[in-house]
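Overview (structure and organization)
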Amino acid sequence: MWNYRILCEVVDGEEIFTINEVYYNEKNKPNGYIEHSKGVCSESKKGLKWQLKHMKLALKKPTLDKTKFPKKYKRKK
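First things first, this report covers the structure right here in the doc.

Procedures and definitions
- Residues numbered from 1 in each chain as written.
- Predicted model: local features only at pLDDT ≥ 70, side-chain atom pairs only at ≥ 80, totals over all residues.
- Heavy atoms only, no water.
- Helix = DSSP H or I, 4+ residues; strand = E, 2+ residues; numbered from the N terminus.
- Buried < 20%, exposed > 50% of the residue type's maximum accessible area, 1.4 Å probe, protein only.
- Polar contact = N/O pair within 3.5 Å; in protein donor to acceptor, adjacent residues only side chain to side chain.
- Pairing = 2+ DSSP bridges.

What follows concerns the side chain of Glu-21. Along the chain, the position of Glu-21 falls in strand E2 (residues 14-24). You can call Glu-21 buried: its relative accessible area is 14%. A distance of 2.8 Å separates a polar atom in the side chain of Glu-21 from a polar atom in the side chain of Tyr-23.

Written out as structure tokens, the structure is:
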């Protein structure tokens, strides 16, 4: 199983957020992701709508820490 998730890493003191495909193990725990963030590309408008809908759902889930994956990202203060 996979879905889109927001991942964050700090680069040169700046938080960088990306949308990535995240994969899950049989216990439904994140266990991997596609390194490069996902652009929106499809062979049809229907496909674009599907991707955008599911990317938007990622905004409702906790952000994952790209450097401590699969831990949740905690904003630096």
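Still more to cover.
The next point concerns the pairing of strand E3 (residues 30-33). Pairing analysis gives 3 bridges linking E2 to E3, with the strands arranged antiparallel. Within E3, the position partnered with Val-22 by the bridge is Tyr-33. The hairpin formed by E2 and E3 contains 5 residues between the paired strands, and Asn-28 there has a positive phi angle of roughly 65 degrees.

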